[in-house]
Amino acid sequence: MAEICLEGRVLGLRVGKKHDRVFRGKRVEGEPSAIGKTPVQEALLESEGLRGDEQADRVNHGGIHKAILLFSIDSYQKLALQTGLTFDVENQALLGENLLVEGLNESSICVGDRFLAGEAEIEISQPRQPCWKLSANNDRSDLSLQIYRLGLTGWYARVISGGVIRQNETLKLLSRPHERLTIAALNRLIQDVSKDAPLLSEALACEALSPNFKNALRYCLEHHINTPPAYIHLPS
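Residues numbered from 1 in each chain as written. Predicted model: local features only at pLDDT ≥ 70, side-chain atom pairs only at ≥ 80, totals over all residues. Heavy atoms only, no water.

1. A closer look at the overall build of the protein
Link 1 in the chain: The helix and strand tally for the protein stands at six helices and 13 strands.
Link 2 in the chain: Within the protein, the proportion of its 236 residues that are buried is 52%.
Link 3 in the chain: For the protein, contacts bridging at least 24 residues in sequence account for 75% of all contacts bridging at least 6.
Link 4 in the chain: Put simply, the protein shows about 10,700 Å² of open surface, and 48% of that area lies on carbon and sulfur atoms. (Helix = DSSP H or I, 4+ residues; strand = E, 2+ residues; numbered from the N terminus. Buried < 20%, exposed > 50% of the residue type's maximum accessible area, 1.4 Å probe, protein only. Contact = heavy atoms within 4.5 Å. Areas by Shrake-Rupley, 256 points an atom, 1.4 Å probe, with all protein chains shown as cover.)

Structural data, given as structure tokens:
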């Protein structure tokens, strides 16, 4: 396989604490979130995330397979064109990302990719699975569904070795074992698991793909549906 030269840059580094959210003009009690993360200049990446960062829903967020969430400035720009929204990405993580990046996106990133990120090494583990909190944080009821349909989800990474990451740090690709399993391809697959049987088989056999995402694929396959139940749940 030919060596792939791929680099990106950390435009923003964000951490956040959990708190209650407001959606459709009312506070959503019992559904705290840490999606509204705020900028820091540097942070220590540990085995389950950036020091000082929290996740309210530890069932669906955080843990070793979802240690950090990366989102591309390219995807923010595409979402703005599709939705008419204005995203002020300088002041907070509007979609919950820990790293806002440039030079990388859902089409250029593959599950299993390993990147050098400052002092740390990370491995891409799965696409982000959009939920209602993306809509709530931006006061747009259809935003989560738009993100899902457009496949502009961002992606999670696990930590191979920890260390300090700083704003403007370079993200350098070290290895790529699964070149067909792009985040974009997996986002298309989860919307219709029957459309590409070879890719589905490869995804389910891929050790680098997180158990959570594999379970979502299996659920769709077994129940003959296109959207896993954990996706796009909006509170009434």
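Now that the structure has been shown, we can carry on.
2. Brief notes about helix H1 (residues 73–83)
Link 1 in the chain: For H1, the set of buried residues is Ile73, Ser75, Tyr76, Leu79 and Thr83. Buried residues in H1, looked at end-on, bunch into an arc of 155°, giving them a common side. Residues of H1 that are exposed and point more than 90 degrees away from the buried face comprise Leu81 and Gln82.
Link 2 in the chain: Of the surrounding elements, those touching the buried residues of H1 are strand S1 (7–15), strand S7 (68–72), strand S8 (99–102) and helix H3 (143–150).
Link 3 in the chain: Directly beyond the C-terminal end of H1, a positive phi value near 80° is found at Gly84. (Arc of directions from axis to C-beta.)

3. Comments concerning the pattern of salt bridges
Link 1 in the chain: A complete count under the given rule lists eleven salt bridges for this structure.
Link 2 in the chain: A salt bridge links Arg176 to Asp113, with the shortest nitrogen-to-oxygen separation between them at 2.7 Å. Placement of Arg176 in the loop between strand S13 (170–175) and helix H4 (183–191) and of Asp113 in the loop between S8 and strand S9 (114–117) is noted, with a sequence separation of 63 residues between them. Taken individually, Arg176 and Asp113 each receive the classification buried, so the pair is uniform in this respect.
Link 3 in the chain: The network of salt bridges with shared partners includes Arg114, Glu121, Glu123 and Arg158. (Salt bridge = Lys/Arg side-chain N within 4 Å of Asp/Glu carboxyl O.)

4. A look at the environment of Phe87
Link 1 in the chain: Within the fold, Phe87 resides in the loop between H1 and S8.
Link 2 in the chain: Through-space distance from the C-alpha of Phe87 to that of Tyr76 is 7.2 Å; in sequence the pair is eleven residues apart.
Link 3 in the chain: Once residues within four sequence positions are removed from consideration, Phe87 is found in contact with Tyr76, Leu79, Ala80, Leu94, Asn138 and Leu143.

5. With respect to unusual backbone geometry
Link 1 in the chain: You will see that Asp139, though not glycine, has its phi angle at about 50°, which is positive.
Link 2 in the chain: Its place among the elements puts Asp139 in the loop between helix H2 (132–138) and H3.
Link 3 in the chain: For Asn168, which is not a glycine, the phi torsion comes out positive at approximately 75°.
Link 4 in the chain: Overall, Asn168 belongs to the partly exposed group, its relative accessible area being 45%.

6. Quick word on the side chain of Asn138
Link 1 in the chain: On the secondary structure map, Asn138 appears in helix H2.
Link 2 in the chain: Within the structure, Asn138 has its side chain in polar contact with the backbone oxygen of Leu94 (distance 3.1 Å).
Link 3 in the chain: Not counting chain neighbours up to four residues away, the residues in contact with Asn138 comprise Phe87, Leu94, Leu95 and Leu143. (Polar contact = N/O pair within 3.5 Å; in protein donor to acceptor, adjacent residues only side chain to side chain.)

7. Section: the nonpolar core
Link 1 in the chain: Counting 44 residues, the largest nonpolar core has Leu70, Leu99, Phe115, Leu171 and Leu217 as its most contacted members.
Link 2 in the chain: By residue number, the principal contributor to this core is H4, which donates five residues.
Link 3 in the chain: Not counting residues up to four positions away in its chain, the partners in contact with Leu99 are Val10, Gly12, Leu13, Leu50, Ile68, Leu69, Leu70, Phe71 and Leu171.
Link 4 in the chain: Listed in part, the 14 residues of the second largest apolar core include Ile73, Leu94, Ile147 and Leu152. (Core = buried A, V, L, I, M, F, W, Y, C linked by side-chain atoms within 4.5 Å.)

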